Amino acid sequence: MSVNLKDALDELEEMRHADSDEGVANAQFKIGVGYLQRGKLDKADEALDEAHYLCGKLENDIGRAHVAKNQALIAEQRGQLDAALEKINEALAVFEEQSSEDIIFDAREMKARMLHEAGRGQESAELLSSMIARADQAGDDVTVLLLLQYLAPVLRGLGRLEEALVNYRRYGALAQKLNDPQRMVLAYVGVGTLEEQLGRPHIAVGALEEAAKLFDTLGMPEQVAQTRTEIMRLTNGGGVPEK
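This is a predicted model, so every value here is computed, not measured. (Residues numbered from 1 in each chain as written. Predicted model: local features only at pLDDT ≥ 70, side-chain atom pairs only at ≥ 80, totals over all residues. Heavy atoms only, no water.)

### Quick look at unusual backbone geometry
Phi is positive for Asp19, close to 55°, though the residue is something other than glycine. Here Asp19 lies in the loop between α1 (5-17) and α2 (21-37). Residue Asp19 is classed as exposed on the basis of its relative accessible area, which comes to 66%. A positive phi angle, close to 55°, is found at Glu59, a residue other than glycine. On the secondary structure map, Glu59 appears in the loop between α3 (41-57) and α4 (61-77). (Helix = DSSP H or I, 4+ residues; strand = E, 2+ residues; numbered from the N terminus. Buried < 20%, exposed > 50% of the residue type's maximum accessible area, 1.4 Å probe, protein only.)

Dropping the structure here:
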């Protein structure tokens, strides 16, 4: 939800006048998030820094954790990934003790993304796999689908192609079960390109043909053309006999 900066700035002025540390912390948190949403990182950082300090002074651990999570996003956008990971770990240390599963999930997903961006793909894959196991245990197919979308490319980047392929295939099966054609087509493309990398062009062509059909159904002619070009390359240049 977008923050109304004018209201938040007015609230900050009122809370400073009232000499309320709690009120100032709340207002500065809103202001920090508002500036972050607008890409004004320096102003966001300044507001959140005061909110973080005041939450610590007030021994408001959960408030400090929410501030730290947003400070992690600022650091990530600045490319300061070590600082981002330090902040998201600070937030998670509190969330995992005091927060709901959806808040914990969101923070863990952020950490997995930051680990991947920091070149720590193995750790990212391990975290995502543990999250998938928890979602599987809860029977939460939607969450599993989302996490597989992240995990498969991470595994591919690590060179674990067969594992990535298994995850793309599961991703596609879940997308079909949940009637999500946009994700189904991503799965077909992922399977097709991986099968080519693994030296199985016949299977790659079959997956890409399914992708082309779905792109057409979704009204995406540019993607249809690109996929058909790839199919022709594989068919004519990759040793796959034409039908």
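Resuming the write-up.
### Quick notes on the nonpolar core
Of all hydrophobic cores here, the largest spans 48 residues; its most connected members are Ile88 and Met114. Within the residue set of this core, elements represented by two or more residues are α4, α5 (81-98), α6 (101-117), α7 (121-137), α8 (141-157), α9 (161-177), α10 (181-197) and α11 (201-217). The element contributing the most residues to this core is α8, with eight residues. The contact partners of Met114, leaving out residues within four places of it in the chain, are Ala72, Leu73, Glu76, Ala84, Leu85 and Ile88. Of all hydrophobic cores here, the second largest spans 20 residues; its members include Ile31, Leu41, Leu48 and Leu54. (Core = buried A, V, L, I, M, F, W, Y, C linked by side-chain atoms within 4.5 Å. Contact = heavy atoms within 4.5 Å.)

### Focus on α6
Because an α-helix completes one turn every 3.6 residues, residues spaced three or four positions apart along the sequence face the same direction. The terminal C-alpha atoms of α6, which comprises 17 residues, lie 24 Å apart, in line with the 24 Å expected from a rise of 1.5 Å per residue. Turning to α6, its buried residues number three or more, namely Ile104, Ala107, Arg108, Glu109, Met110, Ala112, Met114 and Leu115. Summarising the contacts, the buried residues of α6 are in contact with α4, α5, α7 and α8. Following α6 by one or two positions, Gly119 has its phi on the positive side, about 80°. (Expected span 1.5 Å × (residues − 1).)

### Some words on the packing of α6 against α8
The packing of two helices is summarised by the inter-axis angle and the distance between the axes. Here α6 crosses α8 at 10°, and the two axes come no closer than 11 Å. As the angle between them shows, α6 and α8 are arranged roughly parallel. The segment α6 lies against α8, with Phe105, Glu109 and His116 engaging Thr143, Leu146, Leu147, Tyr150 and Val154. For the contact of α6 with α8, the per-class residue count stands at five nonpolar, two polar and one charged. (Axes fitted to C-alpha atoms, helices over the stretch in contact; angles between N-to-C directions. Parallel < 35°, antiparallel > 145°, perpendicular 65-115°, else oblique. Nonpolar A, V, L, I, M, F, W, Y, C, P; charged D, E, K, R; others polar.)

### Focus on α3
Here α3 is 17 residues long and its end C-alpha atoms lie 24 Å apart, about the 24 Å a rise of 1.5 Å per residue gives. Among the structural elements, α2, α4 and α5 are those in contact with the buried residues of α3. A positive phi of about 55° marks Glu59, the residue just after α3.

### Here we look at the pattern of salt bridges
Taken as a whole, this structure holds 26 salt bridges when the rule is applied. Residue Lys57 pairs with Asp21 through a salt bridge whose shortest N-O separation is 2.9 Å. A residue pair is termed long-range when its members are at least 10 positions apart, and Lys57 in helix α3 and Asp21 in helix α2 qualify at 36 residues. For Asp21, a relative accessible area of 25% corresponds to the partly exposed category. When salt bridges that share partners are traced, they join Asp61, Arg64, Lys87 and Glu90 into one network. (Salt bridge = Lys/Arg side-chain N within 4 Å of Asp/Glu carboxyl O.)

### Quick look at the packing of α1 against α2
Relative orientation of the contacting elements α1 and α2 amounts to 155°, with a least axis distance of 8 Å. Classified by the angle between their axes, α1 and α2 sit roughly antiparallel to one another. α2 is crossed by α1, and the crossing has left-handed handedness. Residues Leu5, Ala8, Leu9, Glu11, Leu12, Met15 and Arg16 of α1 form the contact with α2, whose own contacting residues are Gly23, Val24, Asn26, Ala27, Gln28, Lys30, Ile31, Gly34 and Tyr35. A breakdown of the residues in the contact of α1 with α2 according to their chemical character gives nine nonpolar, four polar and three charged. (Left-handed = near helix turned anticlockwise from the far one by under 90°.)

Function-wise, these values are silent; they only describe arrangement.
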